[in-house]
Amino acid sequence: MPTFSFERTAPLPLEEAWRRLTEWPRHRAAVPLTRVTVVTAPPTREGTRFVARSGLGPLSINDPMEVTIWHPPVDGEPGLCRLEKRGRVVLGWAEIEVRPGPGGRTRVVWREELRIRFLPRLFDGVVEVTARAVFGRAVNRLLRRP
């Protein structure tokens, strides 16, 4: 199962970076051909479930996720969110961490383990490189847009 991580520094307070990254429907504008539907009542907390549907028509894949750790940043302390992928095709987990960065900025750490069921391990390298690029661009967009 490919595991990858990347970091970004954003000129935002911790709470604002957290909000931009964890308002799940916002991911639609950041990830091509994807829409996100939250299936539990707000606010987000442990147990919140949502589905990211990516693709076109019959070539779409559902990626249902559940928030299993929800610790928003408070009083300058870091925040951490862990998502468990609960689907039949997309498996693994993702973690979003925000922590104080240099000069009052926020340091974002994204960690993810991603597996596509039925895809041979031979393709793990391709999955990792592609996912790192897609999610890296998505995080950049989410952090830039209010």
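Above this text you will find the structure in question.
Keep in mind the model is a prediction, meaning the values are calculated, not measured.

Q: Please provide a residue-by-residue account of the pairing of strand S5 (residues 79-86), values included.
A: In terms of residue burial, S5 counts as a mostly covered element, since six of its eight residues are buried. Two elements, strand S4 (residues 61-71) and S5, share six bridges in a ladder whose sense is antiparallel. Residue pairing for S5: Trp-70 is matched across the bridge by Cys-81. When S5 meets strand S6 (residues 90-100), the two strands line up antiparallel, connected through eight bridges. Within S6, the position partnered with Leu-80 by the bridge is Glu-97. Where S5 folds back onto S6 in an antiparallel hairpin, the turn is made up of three residues.

Q: Now, about the packing of aromatic side chains: what can you tell me, with residues and values included?
A: Each aromatic ring pair is summarised here by two numbers: the centre-to-centre distance and the angle between the ring planes. Following the criterion strictly, the structure yields five aromatic pairs and no others. Centre to centre, the rings of Phe-4 and Phe-135 are 6.3 Å apart; their planes meet at 15°, and the pair counts as stacked. Taken together, the positions of Phe-4 in strand S1 (residues 3-10) and Phe-135 in helix H3 (residues 124-144) put the pair 131 residues apart, joining distant regions of the chain. When its relative accessible area of 3% is taken as the criterion, Phe-4 is described as buried. An angle of 10° between the planes, with centres 6.1 Å apart, marks the rings of Phe-6 and Trp-110 as stacked. Taken as a pair, Phe-6 in strand S1 and Trp-110 in strand S7 (residues 106-116) lie far apart in primary sequence, 104 residues in all. You'll find Phe-6 and Trp-110 in the same group, each marked buried. Following the ring pairs from residue to residue traces out a cluster consisting of Phe-4, Phe-6, Trp-110 and Phe-135. Between Arg-82 and the ring centre of Trp-93, over which it is positioned, the NZ or CZ distance is 4.4 Å.

Q: I'd like to hear about the environment of Val-126, residue by residue, with values.
A: With respect to the helices, strands and loops of the structure, Val-126 is situated in helix H3. The class for Val-126 is exposed, based on a relative accessible area of 52%. Note: C-alpha distance between Val-126 and Pro-2 (124 residues apart in sequence) is 9.3 Å.

Basis of the calculations
- The numbers attached to residues start from 1 for each chain and follow its sequence in the written order.
- Local features in a predicted model are, by the rule used here, given only for residues with pLDDT of at least 70; side-chain atom pairs are given and counted only at 80 or more, and totals for whole chains, interfaces and linings are based on all residues.
- Each side-chain value is worked out from all heavy atoms of the structure, with water and hydrogens disregarded.
- Working definition: with a 1.4 Å probe on protein chains only, accessible area under 20% of the residue-type maximum means buried, over 50% means exposed, and in between means partly exposed.
- Helix and strand assignments follow DSSP, with helices taken as H or I runs no shorter than four residues and strands as E runs no shorter than two, numbered in order from the N terminus.
- In this scheme, strands are said to pair when DSSP sees at least two bridges between them.
- For this analysis, a ring pair means two rings from Phe, Tyr or Trp (six-membered ring only for Trp) whose centres lie within 6.5 Å, classed as stacked if their planes differ by under 30 degrees, edge-to-face if by over 60, and tilted for the remaining angles.
- Charges are assigned to positions over rings by a cutoff of 6 Å between ring centre and Lys NZ or Arg CZ, combined with an angular limit of 35 degrees from the ring normal.

Remember, this is a structural readout, not a statement about activity or role.
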